[in-house]
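# Geometric and topological summary
Okay, here's what each chain looks like letter by letter:
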Amino acid sequence: MHPAPPRTVDLRSDTVTKPSPAMRRAMAEAEVGDDVYGEDPTVLRLEALTAELAGKEAGLFVPSGTMGNQVALAAHTTRGVEVIAPEGAHVYEYELGSMAVLAGLMPRLVPAPGGVPDPEAVRGAVSPGRHQAPTGLVVLENTHNKAGGTVVPLAVATAIGDVARAAGVPYHLDGARAWNAAEALGVPLAIVCAPFDSVSLCLSKGLGAPVGSVLVGARALIDEAHRYRKMYGGGMRQAGVLAAAGLIAVREGPARLGDDHRRARALAQALDGAPGVAIDQGRVQTNMVYLEIADARGFVVELEAHGVKANAMGARAVRLVTHLDLDDDDVAFAAQAVRAAAEAWAA
Ligand code: TLP
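Residues numbered from 1 in each chain as written. Predicted model: local features only at pLDDT ≥ 70, side-chain atom pairs only at ≥ 80, totals over all residues. Heavy atoms only, no water.

Close contacts around the ligand come from 14 residues, with Ser13, Gly65, Thr66, Asp174 and Arg177 the closest. Asparagine 145 is positioned such that a nitrogen or oxygen atom in its side chain is 2.9 Å from an oxygen atom of the ligand. Residue lysine 205 places a side-chain N or O atom 3.0 Å away from an oxygen atom belonging to the ligand. Contact with the protein chains removes 82% of the 510 Å² of surface that the ligand exposes when unbound. (Near = heavy atom within 4 Å. Polar contact = N/O pair within 3.5 Å; in protein donor to acceptor, adjacent residues only side chain to side chain. Areas by Shrake-Rupley, 256 points an atom, 1.4 Å probe, with all protein chains shown as cover.)

Put into structure tokens, the structure is as follows:
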């Protein structure tokens, strides 16, 4: 039996953050209307601002990153086509088969070492569609969650876009953490989004909003996605109470993502050489640290007993994520607690 840990630091995800007092105030005071009629001024402001920052024509506020991806996938395609995506993609691994269930789409995964597919592998995966399902869409993820929060280089994202264009199919970015990619690359968000026809951007991850994502793209695509948002149950009526927090997240969140990245690096370095744990330091590029360890689920239980909450992301992978609700002291505590858990585990 372990004694109770002195405190608990939650590193399960950057989704666990609580809205700030300023967000709660803005939510209470938000100007609202019925967003299904396009009449919520706060939602419209959030959509316009996010689209502008991403360098796209229009935006659509949706309840989650999953819905942002799924309305985009449906709006870009017809039933019975293939969607090319990198291995480990969230749209394949963690969206409960929704592309198949909701839109009749079939995923075709391409290898993506470190989260980065080879454009030639994407070219090779394009199906002409005589006896096979034709390719209908290419998807990329930046940063790539399951590969370690890794950043896809701009040249690769552009080259894959060229492949998609040559094949005559649209190109979607799961940009749940595109702002993290922009921070790591030292470029504005619009540069990360430039090669894509649509991008789903999450406000409820590193930016700290309690709820919501914005899908951005050309007006016609966003109009079609609006239809699917309603079909999928995402017509939220007086959603300005949520968009008000989202506006603060978009205005103030990106500037502090560098702190999360610095803390993830510090955590990874502090854990270097911990017994039984391997860390690919080269993949610690944004706000995630992946530990490779035998029996990830068992180790997560051990970690919790030492005061750290983490997620197992596979049989041998434990993910630690830095976020807005942590400070340097929390990260130092977590580093020491993870090391102690690894020592207890190895003993
Ligand atoms: N990812 C969650 C889990 O589902 C794994 C997390 O804690 O990281 N795209 C990417 C790349 C994501 O990481 C996530 C969330 C989503 C889409 C979906 O966002 P939500 O949870 O808002 O539907």
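That shown, we press on.
With that settled, consider the pattern of salt bridges. Scanning all chains against the criterion turns up 18 salt bridges. The partner of arginine 316 in a salt bridge is glutamate 292, and the shortest N-O contact between them spans 3.3 Å. One end of the pair, arginine 316, is in the loop between strand E11 (311-312) and strand E12 (317-321); the other, glutamate 292, is in strand E9 (residues 288-292), with 24 residues separating them in the sequence. Given the relative accessible area of 44%, arginine 316 is considered partly exposed. Relative accessible area serves as the criterion here: at 42%, glutamate 292 is assigned to the partly exposed category. (Salt bridge = Lys/Arg side-chain N within 4 Å of Asp/Glu carboxyl O. Helix = DSSP H or I, 4+ residues; strand = E, 2+ residues; numbered from the N terminus. Buried < 20%, exposed > 50% of the residue type's maximum accessible area, 1.4 Å probe, protein only.)

Assigned domains within the protein chain: domain 1 (9-16 + 256-346) and domain 2 (31-252). Look at where the C-alpha atoms of domain 1 and domain 2 centre, and you get two points 27 Å apart. With 17 residues of domain 1 at the interface, the matching set in domain 2 holds 22 residues. When the area that domain 1 buries against domain 2 is broken down by residue, the three leading residues are Asp14, Leu257 and Arg283, summing to 33%. In this structure, aspartate 14 and arginine 177 form a salt bridge, with 2.8 Å as the shortest nitrogen-oxygen distance. One can count nine residue pairs in polar contact (both at pLDDT 80 or more) joining domain 1 with domain 2. The set of elements that each furnish at least two residues to the side of domain 1 that touches domain 2 consists of helix H12 (257-270) and E9. (Domains from an automatic or database assignment. Contact = heavy atoms within 4.5 Å. Buried area = accessible area lost by both parts, 1.4 Å probe.)

The next subject is the environment of isoleucine 84. By secondary structure assignment, the location of isoleucine 84 is in strand E3 (residues 82-86). Accessibility expressed as a relative area gives 1% for isoleucine 84, which makes it buried. Sequence-wise, isoleucine 84 and threonine 135 are 51 residues apart; in three dimensions their C-alpha atoms are separated by 7.2 Å. If sequence neighbours within four positions are ignored, isoleucine 84 has contacts with Arg108, Val110, Val122, Ala125, Val126, Thr135, Leu137, Val138 and Val139.

We now examine the sheet that holds E9. With antiparallel pairing, three strands are arranged side by side in an open sheet as E9-E12-E11. In this open sheet, the two strands that pair with only one neighbour each are E9 and E11. Summarising the sheet, E11 and E12 pair through two bridges and their orientation is antiparallel. Pairing of asparagine 311 across the sheet is with arginine 319, part of E12. (Pairing = 2+ DSSP bridges.)

Residue threonine 143 is bonded to the preceding asparagine 142 through a cis peptide linkage, with omega at 0°. Among the structural elements, threonine 143 can be located in the loop between strand E5 (135-141) and helix H7 (154-167). Even without glycine at this site, leucine 96 takes up a positive phi of about 55°. The residue leucine 96 is located in the loop between helix H4 (90-93) and helix H5 (98-103) in this model. Its relative accessible area of 81% is what places leucine 96 among the exposed residues. For aspartate 295, which is not a glycine, the phi torsion comes out positive at approximately 60°. For aspartate 295, a relative accessible area of 44% gives the class partly exposed.

Below, the discussion takes up the sheet that holds strand E8 (residues 213-217). Within the open sheet, the seven strands sit side by side as E2-E8-E7-E6-E5-E3-E4. Their pairing is mixed. Strands with a single pairing partner mark the edges of an open sheet, and in this sheet they are strand E2 (58-62) and strand E4 (106-110). For this sheet, the mean inter-axis angle between neighbouring strands, taken without regard to orientation, is 20°. Pairing geometry for E3 and E4, over five bridges, is parallel. Paired with glutamate 82 across the two strands is methionine 106, which belongs to E4. Packing of helix H10 (residues 219-231) onto the sheet brings it into contact with E2, strand E7 (198-202) and E8, and relative to E2 it is tilted by some 15°. (Axes fitted to C-alpha atoms, helices over the stretch in contact; angles between N-to-C directions.)

Summed over all chains, the structure comprises three aromatic pairs. Both rings, one in tyrosine 228 and one in tyrosine 232, keep their centres 5.8 Å apart while their planes meet at 50°; by these two values the pair is tilted. Judged by its relative accessible area of 15%, tyrosine 228 is buried. On the accessibility criterion, tyrosine 232 (19% relative accessible area) is buried. The cationic tip of arginine 227 hangs over the ring face of tyrosine 228; the distance from NZ or CZ to the ring centre is 5.0 Å. (Phe/Tyr/Trp six-rings, centres within 6.5 Å; stacked < 30°, edge-to-face > 60°. Lys NZ or Arg CZ within 6 Å of the ring centre and 35° of its normal.)

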